Amino acid sequence: MKAIRRFTVRPVLPDTLRPLSDLARNLRWSWHEPTRELFASVDPGPAPGRRSEDTDPVRLLGSVSAARLAALAADQDFLARLRAAAEDLDHYLHAPRWYQLHQEPGGELPSSIAYFSPEFGVTAALPQYSGGLGILAGDHLKAASDLGVPLIGVGLLYRHGYFRQSLSREGWQQEHYPVLDPGELPVELLRETDGTPARVTLALPGGRSLHAHIWIAQVGRVPLLMLDSDVEENAPGEREVTDRLYGGGSEHRLLQEMLLGIGGVRAVRTYCRLTGTPDPEVFHTNEGHAGFLGLERIRELAGDGLAFDAALETVRAGTVFTTHTPVPAGIDRFDRGQVARHLGEDGELPGVDVGRILALGDETPLGGEPGLFNMAAMGLRLAQRANGVSTLHGAVSRAMFAGLWPGFDADEVPITSITNGVHAPTWTAPEVGLHGPGRDGTEPDDRALWELRRTLREQLVAEVRDRVRASWRQRGAVDAELGWTDSVLDPDVLTIGFARRVPSYKRLTLMLRDQDRLRSLLLHPERPVQLVVAGKAHPADDGGKRLVQELVRFSDDPRVRHRIVFLPDYGMGMARRLYPGCDVWLNNPLRPLEACGTSGMKAALNGCLNLSVLDGWWDEWFDPDFGWAIPTADGAAAADEERRDDVEAAALYELIERRVAPRFYDRGADGVPARWTAMVRGTLSGLGPKVLADRMVREYVERLYAPAARAHRALAPDTARDLADWKARVRAGWPKVAVDHVEAGEDLGDAELGATLAVRVRVALGDLRPEDVEVQAVAGRVDADDAIGEARTCALKPAGGPDLEGHWPYEGTLTLDRTGPFGCTVRVLPAHRLLASPAELGLVTLPADTRSPDTGVLLR
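Residues numbered from 1 in each chain as written. Predicted model: local features only at pLDDT ≥ 70, side-chain atom pairs only at ≥ 80, totals over all residues. Heavy atoms only, no water.

## A look at the overall build of the chain
Applicable threshold: Counting from the N terminus, the helices are DSSP H or I runs at least four residues long and the strands are E runs at least two residues long. Think of it in three bands: with a 1.4 Å probe and only protein chains considered, a residue is buried below 20% of the maximum accessible area for its type, exposed above 50%, and partly exposed in between. In short, Shrake-Rupley with a 1.4 Å probe defines the accessible areas, and a residue's cover is counted only from the protein chains shown. Positive residues here are Lys and Arg, negative ones are Asp and Glu, while His and the chain termini are left out of the count. For the purpose of locating charges, the reference atoms are NZ of Lys, CZ of Arg, CG of Asp and CD of Glu.
For the chain, the helix and strand inventory stands at 28 helices and 27 strands. For the chain, the spread of C-alpha atoms along the principal axes amounts to about 95 × 70 × 50 Å. Counting only residues that meet the buried cut, the chain has 57% of its 860 residues in that class. Surface accessibility of the chain: about 34,300 Å² in total, with carbon and sulfur atoms responsible for 50%. Averaged over its 98 positive side-chain charges, the chain has a centre that lies 4 Å from the centre of its 122 negative ones.

What follows is the structure, encoded as structure tokens:
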């Protein structure tokens, strides 16, 4: 018989063991090794080979016997460790940390920040992630907690998570969606003061409603609010809104994103009301999925009497938007009619002009379709500050979204970059922390470092053998067929790892381009290589599934299956073993389609060397001491997809065969590869500090959160109205702004380095005033087409009042500080003290003909 209701019956802990409950409910245990070890010791009979990080304290406490609890309550050694862990957690939660020590009295740092993301990868015990975006969000929360940043995370609680992956006998990916019971997860229901569950409600077309409860996962000092639509008051369709991550069709996704953005703001307001937490001054939108949060805040402000434009300025001032996709295809887009139906008078945002809402998502300036609503375009229009997630990705994003700021060069588009980081306590093997560089201020010698690397590789080999056997049993094999799995991988062979999601641009099967060549690398008699591969294709991506199957079929070959394995069901639990045990981490995406790619960072924290295309973070931090760069095809080869992959695969084989493997196997008399261990040491000490999430979150605080908080505070209602009115006046008057005449360099003769260039210009301002604009000279080297590169600007000053035609004179000087072809021009921009960027309005006026002798100068 099948149960019609499910309950979780919790044990009653003896008083002396009550702190176990607090420790289990705070996810700090997922990155705090002493607490993990404490919970691992609660179970007297752990499975062979299980390590402390495999323990889920909430499930453990739900299954431990009363007899075992009684024994622990009488175990003085255990109680002493429990008290120490509880005291340590209390100190961690309440003592001042980096943020508090940097906050001046009445200072500029925000009192609270809300961080919205569609997924969060905090721990395998809370499977609410699909890949890098979620893992990044989880690391962001953990680093914010470690630093004391007053963050509130906001997401959804998916009752089926993403999916579990297995393989058929033929190697085809199969998906499974186990039901997650919140009672067995490390979460608590947010309740009103009378004990009833707190909830948010969204209005849907046709008089329907979408209700959601709010679950809280405590991530150290950071609360993570997760909305759950599996509420009895909902109709069956609405109950399933949060059924699975990235599941369902367009309508389903739209409802998820409305609940995340609009419902998420309401959840934050409810949480702050019930807990006394300050309302956020800054809202961080992690990718466009949560972009509707800005519309909800506009609705709130409209209720306080602000018109749409003034409310929009207030919202923009305190909003940060992070884009993670380098391709338009990665952006969520919805039918405009569908959006209008859900957010119009019969939907969720009555009273807010639906035409203005639709304009925020207009993608036609990006070359898109007029009938679609673009979530990234809306996110950028609703945020005064935006960033990509690596230096290269910032440049790609500026080019991709440049249409929103017409008239500006891509490098002036106001999208900056903050390179992602990873949370070291989560991803660094305990052995590295105990024995790696920096312990007591000393460095391990080459032999100690090499032995550490072999220990980690040996642990990975044991893990892989267990997983391969389990996978083959799922595929229908019996134990009598699996004797070969005892010899899968070798703890003394160069081990290369590759694990990630499986969209086509990540090129899972590039390594299979020349199968004979790969086979010879795997079976080399003196310098063999072994590969550990993992990855999930999206359930609707049959192309990705075919790539998985192709890799699996190659790895099933009895000739090589001891040297290459595919591990199904890649997730955080597997990753924590995989990164430390690999010698080399492989990444071969199509450049520049990898926004950041943090898996190589996690590997680096464990002394694993990177072998990667110069994309994402590796493009800015590659150094020969840290690994190898795979060359990318250019010119005609890059234009032909087949030839491009052939060229880059050949480059990959060449690197492994001639540089990577020889260095690994180049042993001294003591059996240690000194040049290899030098690279390991360089990676740990030189690269490790750069890839930390602590560094990333500090950059967000200093470069984005603090300026956003200042901007938010500056926009009192009257100031917001004045700014909105000023922008409307400038936009209306801009067509009459013109550069009438330019004089530059007439008396310069043969220009020499250090000479000055006098610039004079007459500007028509129409109905605008000089204080509404800034007139600039723009100068720099020029190319063969006279385009100015590496431009620098100089503000020109008014040189008197308007002439009889109403034209204003401006003048200034430029210093010729560079040799070679040089050029300059002038431009007029809107200017206001509350603009975060001169490009903010997307308005600029240039001379009508920049090649005219009257409008600029070229010095060659």
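Additional details are given in the paragraphs that follow.
## Comments concerning the confidence of the model for the chain
The condition is simple: The score called pLDDT rates the predictor's confidence residue by residue, from a low of 0 to a high of 100. Residue contacts follow a heavy-atom distance rule, with two residues in contact if any of their heavy atoms lie within 4.5 Å.
On average, residues of the chain score 92 in pLDDT, and 95% of them reach the 70 mark or higher. Per-residue pLDDT stays below 50 along residues 850-860; that stretch engages in 34 contacts with residues further than four places along the chain or on separate chains.

## Considerations on the sheet that holds strand β18 (residues 584-587)
Short version of the rule: In this analysis, strands are considered paired if DSSP registers two or more bridges between them. Working convention: axes come from line fits to C-alpha atoms, limited for helices to the stretch in contact. Angles between N-to-C directions cover 0 to 180 degrees.
Strands sit in the order β17-β16-β15-β18-β19-β20 across an open sheet of six strands; the sheet is parallel. With partners counted over all chains shown, the strands left at the sheet margins are β17 (564-567) and β20 (627-630), one partner each. Neighbour-to-neighbour, the strand axes of the sheet open up by a mean angle of 20°, direction not taken into account. Direction of pairing for strand β16 (residues 529-534) relative to β17: parallel, over a ladder of four bridges. For Leu531, the partnering residue across the bridge sits in β17 and is Ile564. Sheet strands touched by helix α19 (residues 515-522): β16 and β17. Its angle to β16, the strand with the most contacts, is close to 115°.

## Let's talk about the packing of aromatic side chains
Rules: A pair of Phe, Tyr and Trp rings is counted when the ring centres sit within 6.5 Å of each other, with Trp represented by its six-membered ring. The angle between the planes then sorts it: under 30 degrees is stacked, over 60 is edge-to-face, the rest tilted. Throughout this description, the term charge over a ring refers to an Arg CZ or Lys NZ atom that lies within 6 Å of the ring centre and within 35 degrees of the ring normal.
Per the stated rule, a full pass over the model turns up 17 aromatic pairs. Both rings, one in Phe664 and one in Trp676, keep their centres 5.1 Å apart while their planes meet at 85°; by these two values the pair is edge-to-face. Pair noted here: Phe664 is in helix α25 (residues 641-665) and Trp676 is in helix α26 (residues 674-687), with a separation of 12 residues, a long-range link. You'll find Phe664 and Trp676 in the same group, each marked buried. Through successive ring pairs, a cluster of aromatic residues spans Trp450, Trp628, Phe664, Tyr665 and Trp676. Lying across the ring of Trp472, Arg475 places its NZ or CZ 4.3 Å from the centre. Lying over the aromatic face of Phe163, Lys536 brings its terminal NZ or CZ to 4.9 Å of the ring centre.

## Examining the packing of helix α2 (residues 33-40) against helix α5 (residues 76-94)
Quick reminder of the rule: A crossing counts as left-handed when the near helix is turned anticlockwise from the far one by less than a right angle, and as right-handed when that turn is clockwise. Classes in brief: Ala, Val, Leu, Ile, Met, Phe, Trp, Tyr, Cys and Pro nonpolar; Asp, Glu, Lys and Arg charged; the others, Gly included, polar.
Packing of α2 against α5 brings their axes to within 10 Å, and their N-to-C directions diverge by 145°. Handedness of the α2/α5 crossing: left-handed. Contact residues: α2 offers Thr35, Glu37 and Leu38, while α5 offers Phe78, Arg81, Leu82 and Ala85. Grouping the amino acids of the contact of α2 with α5 by side-chain chemistry returns four nonpolar, one polar and two charged.

## A closer look at the pairing of strand β3 (residues 164-167)
Both β3 and strand β4 (residues 173-176) contribute to a ladder of four bridges, which runs antiparallel. Within the sheet, the bridge partner assigned to Leu167 lies in β4 and is Gln173. Between β3 and β4, which pair antiparallel one after the other, the connecting turn spans five residues, and Gly171 there sits at a positive phi close to 85°.

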